[in-house]
Amino acid sequence: MNLEDYIRNVPDFPVEGIQFKDITTLCQNPKAFKESCDRIINHYKNMGINKVVAIEARGYVWGGVLAYHLNAGFILIRKPGKLPAETISETYDLEYGTDTIQMHKDAIEQGDKVLIFDDLLATGGTAKAACNLVKKVGGNVIGVAFIIELTGSLHGRDKLQGYDVISLIEIPVEE
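Calculation criteria
Residues numbered from 1 in each chain as written. Predicted model: local features only at pLDDT ≥ 70, side-chain atom pairs only at ≥ 80, totals over all residues. Heavy atoms only, no water. Helix = DSSP H or I, 4+ residues; strand = E, 2+ residues; numbered from the N terminus. Expected span 1.5 Å × (residues − 1). Buried < 20%, exposed > 50% of the residue type's maximum accessible area, 1.4 Å probe, protein only. Arc of directions from axis to C-beta. Polar contact = N/O pair within 3.5 Å; in protein donor to acceptor, adjacent residues only side chain to side chain. Contact = heavy atoms within 4.5 Å. Salt bridge = Lys/Arg side-chain N within 4 Å of Asp/Glu carboxyl O. Phe/Tyr/Trp six-rings, centres within 6.5 Å; stacked < 30°, edge-to-face > 60°.

## Some thoughts on helix α2 (residues 30-44)
Helical geometry note: an α-helix holds 3.6 residues per turn, so side chains three or four residues apart project in the same direction. Its 15 residues give α2 an end-to-end C-alpha distance of 21 Å, which sits within 8% of 21 Å, the value for a rise of 1.5 Å per residue. If you check which residues of α2 are buried, you get Ala 32, Phe 33, Ser 36, Cys 37, Ile 40, Ile 41 and Tyr 44. Buried residues of α2, viewed axially, fall in a sector of 165 degrees; they line one side. With respect to the buried face of α2, the exposed residues turned more than 90 degrees away are Pro 30, Lys 31 and Lys 34. A distance of 3.1 Å separates the backbone nitrogen of Lys 31 from a side-chain oxygen at the start of α2, and that oxygen is part of Asn 29.

## Concerning helix α4 (residues 125-136)
With 12 residues, α4 should cover 16 Å at 1.5 Å per step; its first-to-last C-alpha distance of 16 Å lies within 8% of that length. If you follow the buried residues of α4, they end up packed against β3 (51-55), β4 (73-77), β5 (87-94), β6 (97-104), β7 (113-121) and β8 (140-152).

## Quick look at the environment of Ile 49
Relative to the elements of secondary structure, Ile 49 occurs in the loop between α2 and β3. With residues up to four places along the chain from it excluded, the contact list for Ile 49 reads Tyr 44, Leu 70, Ala 72, Lys 113, Val 114, Leu 115 and Ile 142.

## What about unusual backbone geometry?
In this structure, Pro 14 follows Phe 13 across a cis peptide bond, with omega equal to 5 degrees. Position of Pro 14 relative to the elements: it lies in the loop between β1 (8-11) and β2 (19-22). Positive phi outside glycine occurs at Asn 71, with the angle close to 55 degrees. Here Asn 71 falls in the exposed class, since its relative accessible area comes to 71%.

## Concerning the pattern of salt bridges
Counted according to the given criterion, the structure contains 9 salt bridges. Here Glu 86 ties to Lys 105 by a salt bridge, and the two come within 3.4 Å at their closest N and O atoms. Of the two residues, Glu 86 sits in the loop between β4 and β5 while Lys 105 sits in the loop between β6 and β7, which places them 19 residues apart along the sequence. Its relative accessible area of 53% is what places Glu 86 among the exposed residues. In this structure, the salt-bridge partner of Glu 149 is Arg 157, at a minimum N-O distance of 2.7 Å. When its relative accessible area of 5% is taken as the criterion, Glu 149 is described as buried.

## Considerations on the packing of aromatic side chains
As enumerated under the stated definition, the model contains 4 aromatic pairs in all. Note on Phe 13 and Phe 20: the rings are 5.2 Å apart at their centroids and 85 degrees apart in plane angle, and the pair reads as edge-to-face. Look at Phe 20 and you get partly exposed, because its relative accessible area is 21%. Where Phe 33 meets Trp 62, the ring centres are 5.4 Å apart and the plane angle is 55 degrees; that geometry is what we call tilted. Here the residue Phe 33 occupies a position in helix α2, and Trp 62 occupies one in helix α3 (residues 59-69), the gap between them amounting to 29 residues. An aromatic cluster of at least three residues, connected via ring pairs, comprises Phe 33, Trp 62 and Phe 117.

## Quick look at the side chain of Thr 100
Assignment of secondary structure puts Thr 100 in strand β6. Of the polar contacts made by the side chain of Thr 100, one reaches the side chain of Thr 91; its length is 2.8 Å. Setting aside anything within four residues of it in sequence, one finds Thr 100 in contact with Lys 79, Pro 80, Ser 89, Glu 90, Thr 91 and Tyr 92.

In structure tokens form, the structure reads like this:
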């Protein structure tokens, strides 16, 4: 099954010049959605994952499914001010400015084997920040998984060197 066939391209969203890769069309097709989950689960099923960390918000769609099938806990990474208990934060660079993500301080235990999931890898800043959060509390990042990876000029994978990174769909980005 070619999962890219289920990704909708939305020109000029959210701003002019951006070609937004919409995964909702993959989610609404039961066979494509199941296939995307199964590919990630099969890749990590024998690696002893005991926590799946998903990044807000589209990452949650797959994160819960992955955690369930890997018999792992499910951890949410959110924007500041959205989690109710004590958090840790990681700030990272954007093309123009910075952003911050947070996780509950007690979500990961020392030595936990963690899979991080997000829907899309572009510049790698958010995923690297998530890895840093997990490491801050003593977790061991086993892998980082994505549905889509934008390849070419963005070099997002470069920020994740040393991790087992998988993406189900690679889409070249023009320079």
